[in-house]
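Listed here are the chains, written in short residue letters.
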Amino acid sequence: MFKKQISVFILGFFMVFSSAQQIRPSKSSEIYRDLKTLKHLPKVLYLAAHPDDENTGLLSWLINDQNVETGYLSLTRGDGGQNLLGTEQGAALGLIRTHELLEARKLDGAQQFFTRAIDFGFSKNTTDTFKQWDEKSITADVVWVIRQFRPDVIICRFPPNAAAGHGQHAASAVVAEKAFRLAGDKNAFPDQLKYVNVWQPNRILWNTFRFGSNNTTSEKQLKVTVGQYDAQLGMGYGELAGLSRSLHKSQGAGTQSVAGIKTEYFSYVDGEPAKSTLFDGIDKTWTKEGNVDIDKSLDKIISNFNFNRPDLSLPDLLALRKKVAAMKESDFKKNKIKSLDQIILSCTGFMGEAVTNTAEAVAGENYSFRLNLISRAENPVILENVKWLNQSENFNRKLSKDSLITIQHQVQIPSDAALTEPYWLAAPAKDAATFSVPDETSVGLPEAESPLNVLLDLKIGSEKFQVKLPLSFKKLDPVRGDVVEALRIVPALELKFSQPLYLVKENEDLNVSLNFKVNSNRQFNNGKVNLMFNGERLGGGDVKAVKGKDFTVNFVIPNAELSLIKSDQLQLEAGFVADGITYNKKQVLIQYPHLPSLQYFAPATVSVMKGDIKAAVKKVGYIQGAGDFIPEFLRIAGVQVDVLKDEDFYGNIDESGNGSLKRLSQYDAIVLGVRANNTEKKLGRWMPFLWSYVKAGGNLVMQYNTNQDATVDQLGMYSFSIANKRVTEENASVRFLNPNHKLLNYPNKITENDFSGWVQERGAYFPDKWDSAYEPLFEMRDTGEEPLQGSTLYAKYGKGNFIYTPLAFFRQLPAGNLGAARLFLNFLSAQKN
């Protein structure tokens, strides 16, 4: 029911439909579905751990067939996953996945919720998970969502045990069951009751599954048939689910749209048992609530609904609105008025937007906006008043049918306007597993409502509405057409180091470049840059910033200052002080075609690797996989990196015809990026040339791959089998199986210290079986588990070397881990030793 996502004030109620940049009417088929959902009162909350965990087929059926208001609560935003689209990890990836979920919800019609939990990566059981997550805090967040959304049925995707396949999956079931029991208890989390009332759902179920060979279904369980064809959608619910799930593009979660019915299975967890349907014993109707007249009115509206003229329903809808408004005050009434008003605005064909030509704005400055409004109903919509932030204009103007009106206005952005960024990233995280959310009433929201809005007072019939239009940016894109996005508030001046990472060897000065992005037309006087580490100034100098002009300044931090820092990796922070104001933020801007532009701000810092690090290679060929940082790291380390294409493998075979390529032989090493076997579909044609390259004396380094959608069955010259084996404890001890191996001694001497300070994990998808030609280099394990030796396999082949390493270099190098960098450079240098 959050389909069009608008914000409406009705009779003193503050109604939030989440934020969107335009108000646009729903299609007639969507209005019709929303009317039936308005009549059908039960609610369902589906609950799991991550984006793309949800059963989109079931959600689609619940919303479009059963007309049940349905929400999906994902405990995390998927911050710890991998990214098939680009180099974003951590918070940036979580932001991408949040909006991929919102795009999916636009298709299937469900609402979206989250907790403050951070996805810290794969965990093997609930014990490991709750070492990171604060179980009480996460349970409180789930209770909050239950009390706000007020579901009658809660459905878990996973069980609370090993069958869940992931510790966070199992943990989601644990907190769901606890929250189910606590949500109706006034003694549980009583501070929430200042804002919401207690609520006890009727039942909680587990949606059992068949995932490969893991079958948790049983014919004794509650069974529901889903996937039916819906003529208004022009597809079955399984087909709609495939489209919805395929919007998780960063995860490569493209899913078939499967036509035809299927059976979903449900196992009882707690509450009232269900024998025949999900809603056994839940007899919730307007009539049961004592509102027979409302039930009859809805029956009439639904029966008479004209798909070609939804505006013909307006008189009856406005009369119905009066009846609902006359009910006693309750959360139920607020929710239903919110839904009803969305339907009414859609039936008028109302569209509204407040747009400017600039994507970014600075607090305190003025911008020209256009207010575009149109109504398509015979029943007139009257524009009574427009409030431009803090300035009001009276209009009392009828919106003539199908006639666009445009009102121009200069808007000053408030001087105290906050930067545009996700509410969960506005403050430093509470810890590595929990976001900090100062306003706890925001918990659960997928994103915060825009604080900068134009308020419209509308009159439809005799009813008054107040509608919010967020200040927005609009442009014509030559490929995408009209693009309307949130107006992004940015600082007057931003700082960003020109490199994401610096390497400085012992006894060397550190040279850094700092980029200044000037967003304001104001003058900056008496500017000074401070380069800081742990509160101590290491360098900087006076800088004159020119208004409206970007520039770059170079600085040198003497080795004498660096030598006082004992750590081999440090975070250097920049700040610019002018007129008593400190500017120390860098913008993180994320732009992909399937998402709106996304931004957040982070301290203007850069990682510095300091110490003994050597590279014996000068030129490397790289086969790109899923986006990772390694090519950029190698260039920073002084290595030339060429991204290999088809022409590098064809047309240059030497006269002997033995398959050895002259062009490939120029490289000291060739590296395959993470999951290259999953993303590069030409790899099957290239592999014979790569093997010939190794045989003739080349060095091939292959990073981790998975078996999902693999291009090549055999990656190595000798066979090995990739398994779902991993070491998730980033500080797990590492045993060197052959300390004298050349990969551990040249050009950098590798010791146990090089495995300190790793982040999130040691690695994933280790081989579990391999040919005797391979030599494993390390042994490592998670606590209480069997040791694994598949983290790095080395083999000699002809005159060259082949290395398969699923160690998580793609995480360690962006984090500035010196030991991981030294080890990776050793792998590249195998043929030089």
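Residues numbered from 1 in each chain as written. Predicted model: local features only at pLDDT ≥ 70, side-chain atom pairs only at ≥ 80, totals over all residues. Heavy atoms only, no water.

1. Notes on the sheet that holds strand 26 (residues 510-518)
Move 1: Spatially, 24-26-29 is the arrangement adopted by the three strands of the open sheet, whose pairing is antiparallel. Each edge of the open sheet is held by one strand with a lone partner, namely strand 24 (493-497) and strand 29 (551-557). On average, adjacent strands in this sheet sit at an angle of 25 degrees to one another, irrespective of strand direction. (Pairing = 2+ DSSP bridges. Helix = DSSP H or I, 4+ residues; strand = E, 2+ residues; numbered from the N terminus. Axes fitted to C-alpha atoms, helices over the stretch in contact; angles between N-to-C directions.)

2. What about the pattern of salt bridges?
Move 1: Inspection of every chain in the model, using the stated rule, returns 44 salt bridges.
Move 2: The partner of glutamate 463 in a salt bridge is arginine 321, with the nearest N and O atoms 2.2 Å apart. Residue glutamate 463 is located in strand 21 (residues 463-477), and its partner arginine 321 is located in helix 9 (residues 314-325); the two are separated by 142 residues in the primary sequence.
Move 3: For glutamate 463, a relative accessible area of 8% puts it in the buried group.
Move 4: In this structure, lysine 614 and aspartate 612 form a salt bridge, with 2.7 Å as the shortest nitrogen-oxygen distance.
Move 5: On the accessibility criterion, lysine 614 (37% relative accessible area) is partly exposed.
Move 6: A network of salt bridges, in which partner residues are shared, links Arg321, Lys322, Asp341 and Glu463. (Salt bridge = Lys/Arg side-chain N within 4 Å of Asp/Glu carboxyl O. Buried < 20%, exposed > 50% of the residue type's maximum accessible area, 1.4 Å probe, protein only.)

3. Comments concerning the environment of leucine 383
Move 1: With respect to the helices and strands, leucine 383 occurs in strand 17 (residues 381-388).
Move 2: Separated by 224 residues in sequence, leucine 383 and proline 159 place their C-alpha atoms 53 Å apart.

4. Thoughts on helix 10 (residues 331-347)
Move 1: Between the first and last C-alpha of helix 10 there are 25 Å, a value that for 17 residues agrees with the 24 Å anticipated at 1.5 Å per step.
Move 2: Burial within helix 10 is extensive, with 14 of its 17 residues counted as buried.
Move 3: At the exit of helix 10 stands glycine 349, carrying a positive phi of roughly 70 degrees. (Expected span 1.5 Å × (residues − 1).)

5. Some remarks on the environment of valine 386
Move 1: Here valine 386 is to be found in strand 17.
Move 2: You can call valine 386 buried: its relative accessible area is 0%.
Move 3: Taking the C-alpha atoms as reference, valine 386 lies 30 Å from leucine 102; in sequence the two are 284 residues apart.
Move 4: Among all residues touching valine 386, those that are not within four sequence positions of it are Leu371, Gln391, Ser392, Glu393, Phe395, Val454, Leu455 and Leu456. (Contact = heavy atoms within 4.5 Å.)

6. Side note on the packing of aromatic side chains
Aromatic ring pairs are reported here in terms of the distance separating the ring centres and the angle at which the planes meet.
Move 1: Here the structure, examined in full by the defined rule, presents 34 aromatic pairs.
Move 2: Arranged with centres 4.1 Å apart and planes meeting at 10 degrees, the rings of phenylalanine 209 and phenylalanine 211 form a pair that is stacked.
Move 3: With relative accessibility at 3%, the residue phenylalanine 209 sits in the buried group.
Move 4: Taking 6.0 Å as the distance between ring centres and 80 degrees as the angle between the ring planes, the aromatic pair formed by phenylalanine 736 and phenylalanine 755 counts as edge-to-face. Of the two residues, phenylalanine 736 sits in strand 40 (residues 734-736) while phenylalanine 755 sits in the loop between strand 40 and strand 41 (763-770), which places them 19 residues apart along the sequence.
Move 5: On the accessibility criterion, phenylalanine 755 (3% relative accessible area) is buried.
Move 6: Stacked on the ring of tyrosine 765, the Lys or Arg arginine 726 has its end atom at 4.9 Å from the ring centre.
Move 7: Geometry around tryptophan 758 places arginine 762 over its ring, the cationic atom sitting 5.3 Å from the centre. (Phe/Tyr/Trp six-rings, centres within 6.5 Å; stacked < 30°, edge-to-face > 60°. Lys NZ or Arg CZ within 6 Å of the ring centre and 35° of its normal.)

7. Considerations on helix 14 (residues 683-695)
Move 1: Under the 1.5 Å per step criterion, the end-to-end length of helix 14 is 18 Å for 13 residues, consistent within 8% with the ideal 18 Å.
Move 2: Where helix 14 is concerned, the buried positions are Leu683, Trp686, Met687, Phe689, Leu690, Ser692, Tyr693 and Val694.
Move 3: Its buried side turned inward, helix 14 meets strand 35 (619-623), strand 37 (669-672), helix 13 (676-679), strand 38 (699-703), strand 44 (793-797) and strand 45 (800-805).
Move 4: Glycine 697 sits one or two positions beyond helix 14 and adopts a positive phi of about 125 degrees.

8. Description of the nonpolar core
Move 1: Among the nonpolar cores identified, the biggest contains 91 residues, and Leu456, Leu471, Phe516, Leu572 and Phe576 are the most heavily contacted of them.
Move 2: Tallying contributions element by element places helix 10 first for this core, with six residues.
Move 3: Those residues in contact with phenylalanine 516 that lie beyond four places of it in its chain are Leu493, Glu494, Leu495, Val529, Val543, Asp550, Phe551, Val553 and Phe576.
Move 4: In terms of nonpolar packing, the next biggest core, distinct from the first, is built from 46 residues, Trp144, Val175, Ala176 and Phe180 among them. (Core = buried A, V, L, I, M, F, W, Y, C linked by side-chain atoms within 4.5 Å.)

9. Side note on the confidence of the model for the protein
Move 1: Overall, the predicted model of the protein reaches an average pLDDT of 93, with 97% of residues at or above 70.
Move 2: Every residue in residues 1-19 scores below 50 in pLDDT, and together they form 77 contacts with partners more than four places removed in sequence or on other chains. (pLDDT = per-residue confidence, 0-100.)

10. A word on the pairing of strand 35
Along any regular strand, the residues point their side chains to alternate faces of the sheet.
Move 1: Strand 35 sits mainly inside the fold: four of its five residues count as buried.
Move 2: Where strand 35 lies against strand 36 (residues 640-643), four bridges are found, and the strand directions are parallel. The residue of strand 36 that forms the bridge with tyrosine 622 is valine 643.
Move 3: Remark: the strand 35/helix 12 (residues 630-636)/strand 36 crossover connection has right-handed handedness.
Move 4: Pairing of strand 35 with strand 37 involves four bridges; the strand directions are parallel. From the neighbouring strand, glycine 621 faces strand 37, where its bridge partner is isoleucine 670. (Right-handed = clockwise from strand over helix to strand, strands pointing away.)

11. Notes on the packing of helix 1 (residues 28-39) against helix 10
Move 1: Where helix 1 contacts helix 10, the axes come no closer than 10 Å and their chain directions differ by 155 degrees. Classified by the interaxial angle, the pair formed by helix 1 and helix 10 is roughly antiparallel. Note on packing geometry: the crossing formed by helix 1 with helix 10 is left-handed. Across the interface between the two elements, Ile31, Asp34, Leu35, Thr37 and Leu38 of helix 1 pack against Lys336, Ser339, Leu340, Gln342, Ile343, Ser346 and Cys347 of helix 10.
Move 2: For the contact of helix 1 with helix 10, the residue count by class is six nonpolar, four polar and two charged. (Parallel < 35°, antiparallel > 145°, perpendicular 65-115°, else oblique. Left-handed = near helix turned anticlockwise from the far one by under 90°. Nonpolar A, V, L, I, M, F, W, Y, C, P; charged D, E, K, R; others polar.)

12. Quick notes on the packing of helix 1 against helix 8 (residues 292-304)
How two helices pack is summed up by the angle between their axes together with the distance between the axes.
Move 1: Interhelical geometry of helix 1 versus helix 8 gives an angle of 160 degrees and a closest axis separation of 10 Å. Put simply, helix 1 runs roughly antiparallel to helix 8. Judged by the sense of rotation from one axis to the other, the crossing of helix 1 with helix 8 is left-handed. The segment helix 1 lies against helix 8, with Tyr32, Leu35, Lys36, Leu38 and Lys39 engaging Asp295, Leu298, Asp299, Ile301 and Ile302.
Move 2: Residue composition of the contact of helix 1 with helix 8, grouped by class: six nonpolar, no polar and four charged.

13. Side note on the environment of aspartate 141
Move 1: Structurally, aspartate 141 can be placed in helix 5 (residues 135-149).
Move 2: Aspartate 141 sits in the buried class, given a relative accessible area of 2%.
Move 3: In sequence terms aspartate 141 and threonine 115 are 26 residues apart; their C-alpha atoms lie 5.6 Å from each other.
Move 4: Ignoring anything within four residues of it in the chain, the contact list for aspartate 141 reads Thr115, Arg116 and Val443.

14. Comments concerning the sheet that holds strand 42 (residues 775-776)
Move 1: Overall, mixed pairing links the seven strands, which are arranged 36-35-37-38-45-44-42 in an open sheet. Pairing within the sheet leaves two strands with one partner each, and these edge strands are strand 36 and strand 42.
Move 2: Note that strand 42 and strand 44 share two bridges and pair antiparallel. The residue of strand 44 that forms the bridge with proline 776 is leucine 793.
Move 3: In the packing of helix 16 (residues 818-828) onto the sheet, the strands contacted are strand 35, strand 37, strand 38 and strand 45, and the crossing angle to strand 38 comes to about 140 degrees.

15. Observations concerning unusual backbone geometry
Most of the time, phi is negative for any residue but glycine, and the peptide bond is trans.
Move 1: Residue tyrosine 746 is joined to proline 747 through a cis peptide bond whose omega torsion reads -5 degrees.
Move 2: Structurally, proline 747 can be placed in the loop between strand 40 and strand 41.
Move 3: In this model, phenylalanine 189 sits at a positive phi of 50 degrees, which is unusual for a non-glycine residue.
Move 4: Along the chain, phenylalanine 189 falls in the loop between helix 6 (167-182) and strand 7 (203-208).
Move 5: You can call phenylalanine 189 buried: its relative accessible area is 18%.
Move 6: Its identity is not glycine, yet asparagine 526 carries a phi of approximately 55 degrees, on the positive side.
Move 7: Among the structural elements, asparagine 526 can be located in the loop between strand 26 and strand 27 (528-533).

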